[in-house]
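Architecture and fold: a report
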Amino acid sequence: MQFVFAIVISVVVLLHGVAYGGDNPCVNGPPVNKNPAECCETPMLLDKEIMMDCYKQYGEQTKRQMKMEGIPRGCCIAECGLNATGLYSNGMIHRDDMTKMFMDVVKDMPQWQTLVRDTLDDCFKMAESMMDQIEAGAKLESSFEGEKICHPISGTILRCMGMNMFAKCPAGVYKESDECNQLREYSKMCPII
């Protein structure tokens, strides 16, 4: 099930990776065909059933949006997941609630606690620095029938969390190998989980 969840999160975060760069080195995917969970079993910060339901609802739209150029579109899979957990409403992430939820997930995982807290802080700082671009994405109009426009903040934060948690996977959790090292290098610039 973790692999399936990794695929859902990949779509969530890849949308933002593709959209935020013209000559995107991430567009062809990781350099190796390896499940990231085999290299680093990252904590499931959001309920996997909720995320699977959101993927079923918005996966096709997200795949179509990934091929679009222009201002980056918000990821409705991410927004749906944060809505379902009460962490998002009206273009705003409830940061204190998110911090509490994520820290509760890792309360019995001391090797992840500092990393999750610090990464969340870093991701919010990064989002603040991109707020003009994020707000422009929120004001887009539908470009195809049935397209829902979602606010980019949810996908921006989830993408950042996924990339950084894998890239900074703690010693003792990370499984060293050539393929895992290639994935780790790739994840420093491209989302994989």
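Computed from a prediction, not measured in an experiment: that's the story for all the values here. (Residues numbered from 1 in each chain as written. Predicted model: local features only at pLDDT ≥ 70, side-chain atom pairs only at ≥ 80, totals over all residues. Heavy atoms only, no water.)

**Observations concerning the overall build of the protein chain**
Note the following rule: Note on conventions: DSSP H or I runs of at least 4 residues are helices, E runs of at least 2 residues are strands, and numbering of each starts at the N terminus. With a 1.4 Å probe rolled over the protein chains alone, any residue whose accessible area is under 20% of its type maximum counts as buried; one over 50% counts as exposed, and the rest are partly exposed. We call two residues in contact whenever any of their non-hydrogen atoms come within 4.5 Å of each other. Methods summary: accessible areas were calculated by the Shrake-Rupley approach with a probe of 1.4 Å, and residue burial reflects only the protein chains presented.
Secondary structure assignment for the protein chain yields nine helices and two strands. Out of the 193 residues belonging to the protein chain, those deemed buried represent 49%. The contacts in the protein chain between residues at least 6 apart in sequence include a share of 76% that link residues at least 24 apart. Split by element, the accessible area of the protein chain, about 9600 Å² in all, is 50% carbon and sulfur.

**Points about the packing of helix H4 (residues 76-84) against helix H8 (residues 153-167)**
Put simply, the rule is: Lines fitted to C-alpha atoms define the axes here, with helix axes fitted over just the stretch in contact, and angles between the N-to-C directions of these axes take values from 0 to 180 degrees. These descriptions rest on fixed angle ranges, namely under 35 degrees for roughly parallel, over 145 for roughly antiparallel, 65 to 115 for roughly perpendicular, and the rest for oblique. Just so you know the grouping, Ala, Val, Leu, Ile, Met, Phe, Trp, Tyr, Cys and Pro go in nonpolar, Asp, Glu, Lys and Arg go in charged, and all remaining residues, Gly too, go in polar.
One can describe the packing of H4 onto H8 by two numbers: an axis separation of 7 Å at closest approach and a directional angle of 90°. Classed by the angle they form, the pair H4 and H8 counts as roughly perpendicular. Contacts from Ala78, Glu79 and Leu82 in H4 reach Ser154, Gly155 and Leu158 in H8. Among the residues forming the contact of H4 with H8, the class breakdown is three nonpolar, two polar and one charged.

**Overview of unusual backbone geometry**
Here the phi dihedral of Asn90 falls at roughly 50°; this positive angle occurs in a residue that is not glycine. Following the sequence through the fold, Asn90 ends up in the loop between strand S1 (88-89) and strand S2 (92-93).

**Quick word on the pattern of salt bridges**
Applicable threshold: By definition here, a salt bridge exists when the distance from a side-chain nitrogen of Lys or Arg to a carboxyl oxygen of Asp or Glu is within 4 Å.
Per the stated rule, a full pass over the model turns up seven salt bridges. The salt bridge partner of Lys34 is Glu38, with a shortest N-O separation of 3.9 Å. One salt bridge in this structure joins Lys34 and Glu179, with 3.8 Å as the shortest N-O distance. With Lys34 in the loop between helix H1 (2-19) and helix H2 (36-39) and Glu179 in helix H9 (residues 178-187), the pair connects residues that are 145 residues apart, well separated along the chain.

**Digging into the layout of surface pockets**
Rules: Each cavity reported here is a set of points on a 1 Å grid over the protein atoms alone in which a 1.4 Å probe fits but cannot get out, each pocket an open set with protein on both sides within 12 Å along at least five of seven lines, and each lining residue one with an atom within 4 Å of a point. Grid points are joined across faces, edges and corners, and a volume is the space filled by probe spheres set on the points.
There is about 170 Å³ of room inside the second largest pocket. What lines the second largest pocket is Gly91, Met92, Ile93, Phe124, Ala127, Glu128, Met131, Glu135, His151 and Ile153. Those elements giving two or more residues to the lining of the second largest pocket turn out to be S2, helix H6 (110-129) and helix H7 (131-138). Sorting elements by how many residues they give to the lining of the second largest pocket places H6 first, with three residues. In the lining of the second largest pocket, the residues fall into six nonpolar, two polar and two charged.

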